[in-house]
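# Examination of the molecular architecture
Chain by chain, the residues run as shown.
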Amino acid sequence: MGTINIEFFIYLIVVNFLGFFLMGLDKWKAKNKKWRVSEKTFFGVSLCGGSIGTWLGMYVFHHKTRHWYFVIGIPFILLLQAIIGYLLTSGR
């Protein structure tokens, strides 16, 4: 305990990049009146470990920042993941 394996670290990088990318893609689709990324997808990616990327994408692309359930929900998911990560790696 107390360490993170490289495969999990790579997974977190990929899933956070995916969350960030999807936020940018959806912003582009919104501006161009294209088929949109579902909100469930954003929350699903966030729950799978991509909450940092999704949250960062919200503010980089200025997208979904007027929806309270994103402004509160994504950071809440991140907080829960940080607590769980701490508990899993601290040996408690």
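Preceding block: the structure.
Source: prediction; values computed, not measured. (Residues numbered from 1 in each chain as written. Predicted model: local features only at pLDDT ≥ 70, side-chain atom pairs only at ≥ 80, totals over all residues. Heavy atoms only, no water.)

Inspection of the secondary structure puts P75 in helix α3 (residues 68–89). The spacing of P75 and S38 is 37 residues in sequence and 19 Å in space, taken between C-alpha atoms. For P75, the contacting residues outside a window of four places in its chain are W55 and F70. (Helix = DSSP H or I, 4+ residues; strand = E, 2+ residues; numbered from the N terminus. Contact = heavy atoms within 4.5 Å.)

Here we take up a nonpolar patch on the surface. Residues F76, L79, L80, I83, I84, Y86, L87 and L88 make up a contiguous nonpolar surface patch of roughly 770 Å² in combined accessible area. Of note, L88 is situated in helix α3. (Patch = residues over 30% accessible without salt bridge, like charges linked within 9 Å, V, L, I, M, F, W, Y side chains within 5 Å. Areas by Shrake-Rupley, 256 points an atom, 1.4 Å probe, with all protein chains shown as cover. Salt bridge = Lys/Arg side-chain N within 4 Å of Asp/Glu carboxyl O.)

The next thing to look at is the nonpolar core. Residues V15, L22, M23, V37, F42, V45, M58, F70 and I74 constitute the largest nonpolar core, which totals nine residues. Of all the secondary-structure elements, those providing two or more residues to this core are α1 (6–31), α2 (39–60) and α3. Beyond its immediate sequence surroundings of up to four residues, M58 is in contact with M23, H63, K64, T65, F70, V71 and I74. (Core = buried A, V, L, I, M, F, W, Y, C linked by side-chain atoms within 4.5 Å. Buried < 20%, exposed > 50% of the residue type's maximum accessible area, 1.4 Å probe, protein only.)

This paragraph deals with α2. Because each turn of an α-helix spans 3.6 residues, side chains separated by three or four positions in sequence point in the same direction. Under the 1.5 Å per step criterion, the end-to-end length of α2 is only 18 Å for 22 residues, more than 12% shorter than the ideal 32 Å. G50 marks the point of greatest bend in α2, at about 130°. Phi turns positive, to about 50°, at H62, one or two residues after α2. (Expected span 1.5 Å × (residues − 1). Bend = angle between axes of the 7 residues up to and from the residue.)

Moving on: the pattern of salt bridges. Tallying each qualifying case throughout the model produces three salt bridges. Of the charged contacts in the structure, one is a salt bridge between E39 and K64, with a shortest N-O distance of 3.2 Å. With E39 in helix α2 and K64 in the loop between α2 and α3, the pair connects residues that are 25 residues apart, well separated along the chain. Judged by its relative accessible area of 9%, K64 falls in the buried class. In the salt-bridge network here, residues are joined through shared partners; they are D26, R36, E39 and K64.

In a pair of packed helices, the angle between the axes and the distance between the axes together describe the arrangement. The interhelical angle for the contact between α2 and α3, taken along N-to-C directions, is 100°, at an axis separation of 9 Å. Between α2 and α3, the angle is such that the two are roughly perpendicular. Taken together, the residues of the contact of α2 with α3 sort by class into 15 nonpolar, six polar and one charged. (Axes fitted to C-alpha atoms, helices over the stretch in contact; angles between N-to-C directions. Parallel < 35°, antiparallel > 145°, perpendicular 65-115°, else oblique. Nonpolar A, V, L, I, M, F, W, Y, C, P; charged D, E, K, R; others polar.)

Turning our eyes to something else, we now look at the packing of aromatic side chains. With the rule as written, the count across this model stands at seven aromatic pairs. Between the aromatic rings of F8 and Y11, the centroid separation amounts to 6.2 Å while the plane-to-plane angle is 20°, which identifies the pairing as stacked. In this pair, F8 and Y11 both sit in helix α1, three residues apart, roughly one turn of the helix. When its relative accessible area of 43% is taken as the criterion, F8 is described as partly exposed. For Y11, a relative accessible area of 36% puts it in the partly exposed group. Taking 6.3 Å as the distance between ring centres and 20° as the angle between the ring planes, the aromatic pair formed by F17 and F21 counts as stacked. Of the two residues, F17 and F21 are both situated in helix α1; the distance of four residues between them amounts to about one turn of the helix. Here F21 falls in the partly exposed class, since its relative accessible area comes to 43%. Taken together, the ring pairs connect F42, F43, W68, Y69 and F70 into an aromatic cluster. (Phe/Tyr/Trp six-rings, centres within 6.5 Å; stacked < 30°, edge-to-face > 60°.)

Remember that the coordinates give geometry; whether it matters functionally is a separate question.
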